[in-house]
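Residues per chain, in single letters:
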Amino acid sequence: MKLGFLICAVMAPVVAFSQKKDFSITGKLGKLDKPAKIYIDYSDAQGQGKEDSANVVNGVFRLIGSVEGYTTARMALDHEGKGKQFSIYSPGADVIYFYFGPENIQITSVDSLSTAGFTGSTVYDEFAAYNLKIGGSIMALSAAYQKAYAEASQEDKRDPEFLEALNAKQLELRKQRGLKQVEFVKNHPNSFFALVALSEVAGTYTDMATAQTLLDGLNKDFRETDIGKELSQRITAQHLTAVGNPAPAFTQNDVKGKPLSLADLKGKVVLLDFWASWCSPCRAENPNMLKQYKIYKDKGFEILSVSLDSKQDAWEKAIADDGLPWLHVSDLKGWNNAVGRLYGVRGVPACYLIDKNGKIIADNVRGEKLNEKLAEIFGN
């Protein structure tokens, strides 16, 4: 498809799909065969997340399902049969991120997802055009950065000035991309990817008040998708969770399925901690949190951890492995965790410190900042 046609496709109004419809993704990856395997995780316009897999036999795989409207996906190719986690997170993993809809899609490559071509998907074509307009995806920018570093001499890799310049270039590229995304939102209110762009830049390259104005100007169908509702919640959360405000109330089930409310902890100083079993920085902070918990738990300190996990066994195993004796809740909906969305959480670790009256007194206090704040509160 020619570039000019792609750009026109982005500018044309696009109507969101209104009901669930079937899709198929058929791949031809050269002559790859067992144990090669495809893994896909996807979430549609209403936030319905699913995962699937398929063996690659004589280069061919096929995935089928049903989705509602624009659907975001992560697809990984396991070349050696080492499992899903390895295929996604190992160095040099063959992983792609893309959008599709209820369509019959073909993916073709000699032997890799990273070099695959897509046909049969107008949503993917629109996604590709959007990326061309803003200067590429974050994944593409990151890959270019990694390539530049890998190709540098050993002398350059040890040179602070070289590394500083490399990092500065990456930051500038991301900034320019973000500014182009803001312009895309303004110029293409009838493109679903204006919503995608706004969701990404809200709070970074545009303030939340401006983000609300831009969101109000987008196609109503897109605003009513899950990503539109999440962005609206996040904009609202910036005010709700400001230091000095009462912490938004919630109730969620603990590991045993018993409801636990934040209100139940009134009268205690509470660290509301957002984490996940798969989050390495979260797990790295747990020993310090455990130390502080032991020091102050008898003085009125409590920790309430909200997990953004989606699997009960992984959540429970992380709690047991790290020896975390405090309170834990989750609805096992991953990034769609209701409490996470209420608080506008877009990344973990994240936390809020709440006083005995239920008021937020600090946010993102971890490590020494947490230790100092607790010493100040409890007089140690």
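Model, not experiment: these values are computed from the prediction. (Residues numbered from 1 in each chain as written. Predicted model: local features only at pLDDT ≥ 70, side-chain atom pairs only at ≥ 80, totals over all residues. Heavy atoms only, no water.)

*Asks:* Mind showing me how you'd approach the overall build of the protein chain here?
*Replies:* When helices and strands are counted, the protein chain shows 14 helices and 15 strands. Across its three principal directions, the C-alpha atoms of the protein chain cover 65 × 50 × 45 Å. Expressed as a percentage of its 380 residues, the buried residues of the protein chain come to 47%. Carbon and sulfur atoms make up 53% of the accessible area of the protein chain, which totals about 18900 Å². Of note, the protein chain has its 45 positive side-chain charges centred 2 Å away from the centre of its 46 negative side-chain charges. (Helix = DSSP H or I, 4+ residues; strand = E, 2+ residues; numbered from the N terminus. Buried < 20%, exposed > 50% of the residue type's maximum accessible area, 1.4 Å probe, protein only. Areas by Shrake-Rupley, 256 points an atom, 1.4 Å probe, with all protein chains shown as cover. Lys, Arg positive; Asp, Glu negative; His and termini not counted. Charge placed at Lys NZ, Arg CZ, Asp CG, Glu CD.)

*Asks:* So what exactly am I meant to see when it comes to the confidence of the model for the protein chain here?
*Replies:* Should the pLDDT be low somewhere, the predicted coordinates at that spot are not to be read in detail. When pLDDT is averaged along the protein chain, the result is 93, and 95% of the positions lie at 70 or above. A low-confidence stretch, residues 1-17 (pLDDT under 50), is modelled with 34 contacts involving residues beyond four sequence positions or located in other chains. (pLDDT = per-residue confidence, 0-100. Contact = heavy atoms within 4.5 Å.)

*Asks:* Any chance you could explain the sheet that holds strand E6 (residues 95-100) here in plain terms?
*Replies:* Within a sheet, adjacent strands bond to each other through the backbone by hydrogen bonds, running parallel or antiparallel. Taken in spatial order, the four strands of this open sheet run E3-E2-E5-E6, and their pairing is antiparallel. Each of the sheet's edge strands pairs with one partner strand only, and the pair in question is strand E3 (49-55) and E6. For this sheet, the mean inter-axis angle between neighbouring strands, taken without regard to orientation, is 20°. Pairing geometry for strand E2 (residues 37-43) and E3, over seven bridges, is antiparallel. Looking at E3, one finds that Tyr42 is bridged to Lys50. (Pairing = 2+ DSSP bridges. Axes fitted to C-alpha atoms, helices over the stretch in contact; angles between N-to-C directions.)

*Asks:* Is there a simple way to explain the packing of helix H11 (residues 280-296) against helix H14 (residues 368-378) in this structure?
*Replies:* Angle between the axes and distance between the axes are the two parameters that describe a pair of packed helices. Look at H11 against H14: their axes get within 11 Å of each other, and the N-to-C directions meet at 10°. On the basis of the axis angle, H11 is roughly parallel to H14. In this structure, H11 uses Glu285, Asn288, Met289, Gln292 and Tyr296 to contact H14, whose residues at the interface are Leu370, Asn371, Leu374, Ala375 and Phe378. Within the contact of H11 with H14, the residues separate by chemical class into six nonpolar, three polar and one charged. (Parallel < 35°, antiparallel > 145°, perpendicular 65-115°, else oblique. Nonpolar A, V, L, I, M, F, W, Y, C, P; charged D, E, K, R; others polar.)

*Asks:* Just to check I follow, could you spell out the domain arrangement of the protein chain for this structure?
*Replies:* Many authors give the size of an interface as the accessible area that is lost as the parts come together. Partitioning the protein chain into domains gives domain 1 (22-120), domain 2 (144-241) and domain 3 (245-379). Across the boundary between the two partners, domain 1 contributes five residues, which contact nine residues of domain 2. With both chains or domains summed, domain 1 and domain 2 bury close to 540 Å², and 70% of this area falls on carbon and sulfur atoms. On the surface where domain 1 and domain 2 come into contact, there are zero salt bridges. Between the two partners, domain 1 and domain 2, sit one residue pair in polar contact (both at pLDDT 80 or more). Class assignment of the residues belonging to the side of domain 1 that touches domain 2 gives a composition of three nonpolar, two polar and no charged. (Domains from an automatic or database assignment. Buried area = accessible area lost by both parts, 1.4 Å probe. Salt bridge = Lys/Arg side-chain N within 4 Å of Asp/Glu carboxyl O. Polar contact = N/O pair within 3.5 Å; in protein donor to acceptor, adjacent residues only side chain to side chain.)

*Asks:* Sorry if this is basic, but what is going on with the environment of Trp275 here?
*Replies:* Tracing the sequence through the fold places Trp275 in strand E11 (residues 269-275). Each C-alpha atom of the pair Trp275 and Gly347 lies 8.7 Å from the other, and the pair is 72 residues apart in sequence.

*Asks:* Is there a simple way to think about the state of the cysteines in this case?
*Replies:* What is meant by a disulfide is a covalent connection between two cysteines, made through their sulfur atoms. Inspection of the entire model under this criterion finds one disulfide. The disulfide bridge from Cys279 ends at Cys282, spanning 2.2 Å between sulfur atoms. Judged by the sign of its S-S torsion, about 75°, the cystine formed by Cys279 and Cys282 is right-handed. The residues Cys279 and Cys282 share a single accessibility class, namely buried. Lacking any disulfide linkage, Cys351 is separated from the closest cysteine sulfur, that of Cys282, by 10.0 Å. Cys351 gets classed as buried once you look at its relative accessible area, which sits at 1%. (Disulfide = S-S within 2.5 Å.)

*Asks:* Looking at this model, I keep getting lost on the pattern of salt bridges. Mind explaining?
*Replies:* A pair can form between side chains of opposite charge whenever their charged atoms are brought close. Per the counting criterion, the structure on display carries 15 salt bridges. A salt bridge links Arg74 to Asp41, with the nearest nitrogen and oxygen atoms 3.1 Å apart. Here the residue Arg74 occupies a position in strand E5 (residues 71-78), and Asp41 occupies one in strand E2, the gap between them amounting to 33 residues. Classification of Asp41 as buried rests on a relative accessible area of 19%. Lys84 is the partner of Asp41 in a salt bridge, and the nearest nitrogen-oxygen pair spans 2.8 Å.

*Asks:* Could you clarify how one ought to interpret the packing of aromatic side chains in this entry?
*Replies:* The relation between two aromatic rings is expressed through the spacing of the ring centres and the mutual angle of the planes. Under the counting rule described, the total for this entry stands at 28 aromatic pairs. Ring centres of Tyr99 and Phe193 lie 5.0 Å apart, and the angle between their planes is 90°; on these two criteria the pair is classed as edge-to-face. Of this pair, Tyr99 sits in strand E6 while Phe193 sits in helix H7 (residues 192-201), and the two are 94 residues apart along the sequence. Considering the side-chain rings of Tyr343 and Tyr352, the 5.3 Å spacing of their centres and the 55° angle between planes classify their relative orientation as tilted. By the burial criterion, Tyr343 is buried, and Tyr352 matches it. (Phe/Tyr/Trp six-rings, centres within 6.5 Å; stacked < 30°, edge-to-face > 60°.)

*Asks:* For this particular structure, what's the right way to read helix H8 (residues 208-216)?
*Replies:* Along an α-helix, residues three or four positions apart point the same way, because every turn accommodates 3.6 residues. Burial in H8 covers these residues: Met208, Ala211, Leu214 and Leu215. Burial along H8 is one-sided: seen end-on, the buried residues are contained in an arc of 115°. In H8, those exposed residues whose orientation departs by more than 90 degrees from the buried face are Ala209 and Thr213. Buried residues along H8 sit against helix H6 (160-187), H7, helix H9 (220-223) and helix H10 (226-240). (Arc of directions from axis to C-beta.)

*Asks:* Before we go on, may I ask you to explain the side chain of Asn219 in this structure?
*Replies:* Inspection of the secondary structure assignment puts Asn219 in the loop between H8 and H9. Among the polar contacts made by the side chain of Asn219, one reaches the side chain of Asn190 at a distance of 3.3 Å.

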